[in-house]
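# Residue-level structure breakdown
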Amino acid sequence: MKLTTSLNRSLWVFHFNSGSCNGCDIEIVATLTPRYDPERFGVKLVGSPRHADVLLVTGPVTNQMADRLRLVYAQMPGPKLVMVVGTCGQSGGVFSTSYNLAGPIDQIIPVDVYVPGCAPRPEAIIQGVVTAIAKLERLQGGGEA
Ligand code: SF4
């Protein structure tokens, strides 16, 4: 994959917390700071799933959040990707034996990219975004990855 080819369009991301401890969410905020500055490549958070290419989900999906997660996913236009940040979203993590879980995330909606870790560092999240861009290009039929 040529990075310059992959990053020549904006990638808009909607962040959804499905019941995380906020650790992953803080790392996402850290990723958006001027130190890493993904917005220079057009990667930015948006306030509505209707504008998003990527749904970035943290947390293990509590029973209360499952229907909301389905609704947010349904509101996104295609082609769309789901990127899971953190071990909780992948397997339930430290919450996996909780009585209140409907997840992990792939039990609720399809997942395209996993960023494992508790919590993943910004470098890992950026790597996940690059993977998401490559997959989105394949879905759009314009990529070479
Ligand atoms: S993976 Fe770790 S940091 Fe992220 S929500 Fe779960 S417990 Fe918190």
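Residues numbered from 1 in each chain as written. Predicted model: local features only at pLDDT ≥ 70, side-chain atom pairs only at ≥ 80, totals over all residues. Heavy atoms only, no water.

### Some details on the confidence of the model for the protein chain
Low pLDDT marks regions whose predicted coordinates should not be analysed in detail. Scored by pLDDT, the protein chain comes out at a mean of 90, with 91% of its residues at no less than 70. Across the protein chain, element-level confidence peaks in helix α3 (residues 63-75) with a mean pLDDT of 98 and bottoms out in helix α1 (residues 3-6) with 46. Here residues 1-7 is modelled with pLDDT under 50, and outside its nearest four sequence neighbours on either side it reaches 11 contacts, counting other chains as well. (pLDDT = per-residue confidence, 0-100. Helix = DSSP H or I, 4+ residues; strand = E, 2+ residues; numbered from the N terminus. Contact = heavy atoms within 4.5 Å.)

### Brief notes about the environment of Gly 47
Of note, Gly 47 is situated in the loop between β2 (43-45) and β3 (54-58). For Gly 47, a relative accessible area of 76% translates into the label exposed. For the pair Gly 47 and Val 13, spaced 34 residues apart in sequence, the C-alpha to C-alpha distance is 8.7 Å. (Buried < 20%, exposed > 50% of the residue type's maximum accessible area, 1.4 Å probe, protein only.)

### Quick notes on the site of the ligand
If you check the shell around the ligand, you find Ser 20, Cys 21, Gly 23, Cys 24, Thr 87, Cys 88, Val 94, Gly 117, Cys 118 and Ala 119 and nothing else. Where the shell around the ligand is concerned, the elements lending two or more residues are α2 (23-31) and α4 (87-91). Considering only residue class, the shell around the ligand consists of 6 nonpolar, 4 polar and no charged. (Near = heavy atom within 4 Å. Nonpolar A, V, L, I, M, F, W, Y, C, P; charged D, E, K, R; others polar.)

### Side note on the sheet that holds strand β5 (residues 113-115)
Taken in spatial order, the 5 strands of this open sheet run β2-β1-β3-β4-β5, and their pairing is parallel. Each having just a single partner strand, β2 and β5 make up the two edges of the open sheet. In this sheet, adjacent strand axes meet at a mean angle of 25 degrees when their direction is disregarded. Sheet analysis places strand β1 (residues 11-17) next to β3, joined by 5 bridges and oriented parallel. Across the sheet, the residue bridging to Asn 17 is Thr 58, located in β3. This element, helix α5 (residues 122-140), spans β1, β2, β3, β4 (81-85) and β5 of the sheet and lies at about 165 degrees to β4. (Pairing = 2+ DSSP bridges. Axes fitted to C-alpha atoms, helices over the stretch in contact; angles between N-to-C directions.)

### Description of α5
The first and last C-alpha atoms of α5 sit 27 Å apart over 19 residues, in line with the 27 Å expected at 1.5 Å per residue. For α5, the set of buried residues is Pro 122, Ile 125, Gly 128, Val 129, Val 130, Ala 132, Ile 133, Ala 134, Leu 136 and Glu 137. A positive phi of about 75 degrees marks Gly 141, the residue just after α5. (Expected span 1.5 Å × (residues − 1).)

### Thoughts on the packing of aromatic side chains
Following the criterion strictly, the structure yields 0 aromatic pairs and no others. Across the ring face of Tyr 73, the terminal group of Lys 80 is positioned such that the distance to the ring centre comes to 4.0 Å. (Phe/Tyr/Trp six-rings, centres within 6.5 Å; stacked < 30°, edge-to-face > 60°. Lys NZ or Arg CZ within 6 Å of the ring centre and 35° of its normal.)

### Points about the nonpolar core
With 19 residues, the main nonpolar core has Phe 16, Leu 55, Leu 69, Ile 105 and Ile 109 as its most contacted residues. Elements represented by at least two residues in this core include exactly β1, β3, α3 and β4. When residues of this core are assigned to their parent elements, the largest contribution, 5 residues, is made by α3. Excluding anything up to four places from it in sequence, Ile 109 contacts Leu 55, Leu 69, Arg 70, Tyr 73 and Val 82. Counting residues in hydrophobic clusters, the runner-up holds 17 residues, among them Leu 11, Val 43, Ile 125 and Leu 136. (Core = buried A, V, L, I, M, F, W, Y, C linked by side-chain atoms within 4.5 Å.)

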